[in-house]
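# Secondary and tertiary structure notes
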Amino acid sequence: AETIRFWEGGLVVYGGMIGGLVATGLWCYLRRRSFLMLADIVTPAFLIGLALGRIGCLFNGCCYGAVCEVDSPLPSIQFPAGSPPYMDQLASGTLVDARFAPSATNPKALQVDETKKPGWLDSQGIKKGDQLSIESRPQLEHPARPPEVNLRVFDGLRYRDITAPSHSLQVHPAQIYATINAALLSGLM
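These numbers come from a predicted model, not from an experiment.

Here the bond from Lys-117 into Pro-118 is cis, since omega is -10°, no more than 30 degrees from zero. Locating Pro-118 in the fold gives a position in the loop between strand 2 (109–115) and helix 4 (120–123). For Arg-32, which is not a glycine, the phi torsion comes out positive at approximately 55°. Judged by its relative accessible area of 74%, Arg-32 is exposed.

So this is what it looks like as structure tokens:
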């Protein structure tokens, strides 16, 4: 049942490719056409579509690569606050140099299990045992921009708001790599 819930995600190239191959195979069978000849004709266009789709992934912030080392000579890219890589890095603790555990008292908060010293959370005065709530709100005046991200810390006595980092850590531009790869393969076809 989860397979058909496309409104919850999962609309990726694999499903389109498998569905397209099945439909094309069925069409070729019913019309008595050569599947391989049709595949030869369609493959370059498919690869151009794949390249354009990966550019869409870059704009959306999905399908991103692994975190780059700070002084790596490899190309890297940062994404703004609220983007998928940013939110994933924040929730995992990678962005703020911490390790989190689920909070026993607040299901919407993360409990700081460990902070890296010196690290971002440590520089904000956040210590082990504090609870961190991540709040994101859409920017109503600029709906095309990623949501604003606010962090609220509870140290057991009081709440305080802290300013979240403005960008994600640098990641490999996997979407650009995939775009170049698909364009080159299309040219070879």
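Before going further, it helps to spend a moment on helix 2 (residues 35–60). Residues spaced three or four apart along an α-helix point in a common direction, a consequence of the helix completing one turn every 3.6 residues. Roughly 40° is the biggest bend found in helix 2, and it falls at Val-42, with proline Pro-44 one to four residues downstream. Taken together, the buried positions of helix 2 are Pro-44, Leu-47, Ala-51 and Cys-57.

Once that is clear, we can look at the side chain of Ser-168. Residue placement: Ser-168 occurs in the loop between strand 5 (159–163) and helix 5 (174–188). A residue is classified by how much of its surface remains accessible, and Ser-168, at 1% relative accessible area, is buried. Once residues lying within four places of it in the same chain are set aside, the contact partners of Ser-168 are Gln-78, Phe-79, Pro-85, Tyr-86, Gln-89 and Leu-95.

The rules behind each value
Residues numbered from 1 in each chain as written. Predicted model: local features only at pLDDT ≥ 70, side-chain atom pairs only at ≥ 80, totals over all residues. Heavy atoms only, no water. Helix = DSSP H or I, 4+ residues; strand = E, 2+ residues; numbered from the N terminus. Buried < 20%, exposed > 50% of the residue type's maximum accessible area, 1.4 Å probe, protein only. Bend = angle between axes of the 7 residues up to and from the residue. Contact = heavy atoms within 4.5 Å.

Function cannot be read off these values alone, since they describe shape.
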